[in-house]
Number of protein chains: 2
Amino acid sequence: MKITLALCSGLVFLGGSFAAFGGSPVPPAPNGIEFPAGYQDWRVLAVSHRTDNKTLRVILGNDAAVAAARSGKTNPWPDGAVLGKLVWKDATASHWPAATVPGNFVHAEFMIKDTKKYASTGGWGWARWKGLDQKPHGKDANAAQECVACHTPVKGNDWVFTAPAPMPPVAK
Amino acid sequence: MKITLALCSGLVFLGGSFAAFGGSPVPPAPNGIEFPAGYQDWRVLAVSHRTDNKTLRVILGNDAAVAAARSGKTNPWPDGAVLGKLVWKDATASHWPAATVPGNFVHAEFMIKDTKKYASTGGWGWARWKGLDQKPHGKDANAAQECVACHTPVKGNDWVFTAPAPMPPVAK
């Protein structure tokens, strides 16, 4: 995981984020977790629609997470797995009133599995970057406690709400 | 597009689909469109929730489609773009009753942009494979007319219902 994050961090400096983010890379979360640059290119694990806060979500996974999901090895998820959740406010489809579609982008939040490194927070590192400008969420290193508290009902599911969506096996 | 489809078709024979699909590759659609093997690895364009037929969807794109979406060049979409929609029946999240999550997998359906090849159907090739065993949908080469009829309200949007979801620019 450290290697992956180091690579992502490196890519931030090497790549297009200077232009994309006004000349500066996306800052790490207040708990020190590096921004997982390039998560928009990760593969899909699931989707969800929360009617309580009226948001649509897509849950993406890095390569380790996708491999774990496709082999059914998600309780526990393996070290190195990273889950990313992109959240949008509900909007109504312009040409299909009965369809809810993504409105404003709310945030992208991540769970990074490293049993040893994040032993104090369920074996996961937790971080969130808000808005299209990806502002780090939280005031200090304890920000993850908010995540852990909400995820406590799924402690027995390795702290993960998401069940990978059923998909046909990849034919290639 | 022909090259891409030929490649996909080739991969079906080269890859794991024999095991995945009981020893035979996924058959083409009745209109001759080849199965886009590996679409599960494509990137996310959007999600949607249809309350009329109680289904959740994720809309994926091949590389050409993702590049078009990220550069805002989607009306028209460029030749070579392929849009894939994965559809699941609604289910309720086991640990979050106010969340709708993917239930049974319904089908994967595709729009393949080739202005010349598919001039008679809006410049798009249309195909659908049903269920986890990916059975081709439709009885004959006219099956696409069903798709075109449903998409006619968005003829002015290059026949596409999906608006790419707003996402932060990729920082890498």
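All values derive from a computational prediction rather than experimental measurement. (Residues numbered from 1 in each chain as written. Chains lettered and ligands numbered in written order. Predicted model: local features only at pLDDT ≥ 70, side-chain atom pairs only at ≥ 80, totals over all residues. Heavy atoms only, no water.)

Caption draft 1: Spatial organisation of the confidence of the model for chain A. Residue and element names in this part refer to chain A. Across chain A, the average pLDDT comes to 88, with 85% of residues at or above 70. Predicted confidence for residues 1–22 stays below pLDDT 50, and this span has 38 contacts to residues more than four positions away or in other chains. Two numbers describe this predicted complex: its pTM, 0.87, and its ipTM, 0.87. (pLDDT = per-residue confidence, 0-100. Contact = heavy atoms within 4.5 Å.)

Caption draft 2: Fine view of the interface of chain B and chain A. Opposite the 53 residues of chain B that make contact, chain A presents 53 residues. Remark: the boundary between chain B and chain A carries 4 salt bridges. With a closest N to O distance of 2.7 Å, D41 of chain A and R70 of chain B form a salt bridge. Applying the counting rule to chain B against chain A returns 19 residue pairs in polar contact (both at pLDDT 80 or more). Broken down by secondary-structure element, the contributors of at least two residues to the side of chain B that touches chain A are helix 1 (2–14), helix 2 (17–20), strand 1 (43–50), strand 2 (55–61), strand 3 (82–93) and strand 4 (96–113) of chain B. Tallied by class, the residues present in the side of chain B that touches chain A amount to 33 nonpolar, 13 polar and 7 charged. Two strands pair when backbone bridges link them, and strand 4 (residues 96–113) of chain A and strand 1 of chain B are joined in this way by 2 bridges, in the antiparallel orientation. Residue pairing across strands places T100 of chain A opposite H49 of chain B, the latter belonging to strand 1 of chain B. (Salt bridge = Lys/Arg side-chain N within 4 Å of Asp/Glu carboxyl O. Polar contact = N/O pair within 3.5 Å; in protein donor to acceptor, adjacent residues only side chain to side chain. Helix = DSSP H or I, 4+ residues; strand = E, 2+ residues; numbered from the N terminus. Nonpolar A, V, L, I, M, F, W, Y, C, P; charged D, E, K, R; others polar. Pairing = 2+ DSSP bridges.)

Caption draft 3: Summary view of the relation of the copies chain B and chain A. When chain B is brought onto chain A, the operation consists of a screw motion whose angular component is 180° and whose axial shift is 0.0 Å, with 0.0 Å RMSD remaining. Such a combination of turn and shift is consistent with a two-fold rotation axis. When each C-alpha of chain B is compared by its distance to the rotation axis, R43 of chain B comes out closest, at 2.9 Å. Interface residue correspondence from chain B to chain A reaches 100%, placing this contact among same-surface, isologous pairings. (Least-squares fit on C-alpha atoms with pLDDT ≥ 70 in both.)

Caption draft 4: Fine view of the pairing of strand 3 of chain B. Residue and element names in this part refer to chain B. Where strand 2 lies against strand 3, 7 bridges are found, and the strand directions are antiparallel. Directly across from L60, in strand 3, lies its bridge partner G84. The pairing of strand 3 with strand 4 spans 11 bridges and is classified as antiparallel. Residue pairing in the sheet places V87 in a bridge with H107 of strand 4.

Caption draft 5: Quick look at empty space enclosed by the protein. Tallied over the full model, the rule gives 3 cavities of 30 Å³ or more. Its boundaries defined by the atoms lining it, the largest cavity holds a volume of some 50 Å³. Lining the largest cavity are A29, P30, N31, W126, A127, R128, H137, A143, A144 and C147 of chain B. Listing elements by their share of the lining of the largest cavity, those giving two or more residues are strand 5 (124–130) and helix 4 (144–151) of chain B. Top element by residues in the lining of the largest cavity is strand 5 of chain B. It accounts for 3 residues. Approximately 40 Å³ is the volume attributed to the second largest cavity. Lining the second largest cavity are A29, P30, N31, W126, A127, R128, H137, A143, A144 and C147 of chain A. In terms of residue count, the dominant contributor to the lining of the second largest cavity is strand 5 (residues 124–130) of chain A (3 residues). Broken down by class, the residue content of the lining of the second largest cavity amounts to 7 nonpolar, 2 polar and 1 charged. (1 Å grid on protein atoms, 1.4 Å probe; cavity = no way out; pocket = protein on both sides within 12 Å on 5 of 7 lines; lining within 4 Å. Points joined across faces, edges and corners; volume = space filled by probe spheres on them.)

Caption draft 6: Representation of helix 3 (residues 63–70) of chain B in the model. Residues and elements named next belong to chain B. Of the residues making up helix 3, those classed as buried are A65, V66, A68 and A69. Along the long axis of helix 3, the arc covered by the buried residues comes to 160°, so they all point the same way. G72, located one to two residues past helix 3, shows a positive phi value of around 70°. (Buried < 20%, exposed > 50% of the residue type's maximum accessible area, 1.4 Å probe, protein only. Arc of directions from axis to C-beta.)

Caption draft 7: A look at the pattern of salt bridges. Enumeration over the complete set of coordinates arrives at 16 salt bridges over all chains. One salt bridge connects R43 of chain A with D41 of chain B, and the closest N-O pair in it is separated by 2.9 Å. Highlighted residues: R43 of chain A in strand 1 (residues 43–50) and D41 of chain B in the loop between helix 2 and strand 1, drawn from two different chains. Assigned by exposure class, R43 of chain A and D41 of chain B land together as buried. Close ionic contact of R128 of chain B with E109 of chain B constitutes a salt bridge, the shortest N to O distance being 2.7 Å. You can see R128 of chain B sitting in strand 5 and its partner E109 of chain B sitting in strand 4, a full 19 residues away along the chain. For E109 of chain B, a relative accessible area of 17% gives the class buried. Salt bridges linked by common partners bring D41 of chain A together with R43, D63 and R70 of chain B together as one network.

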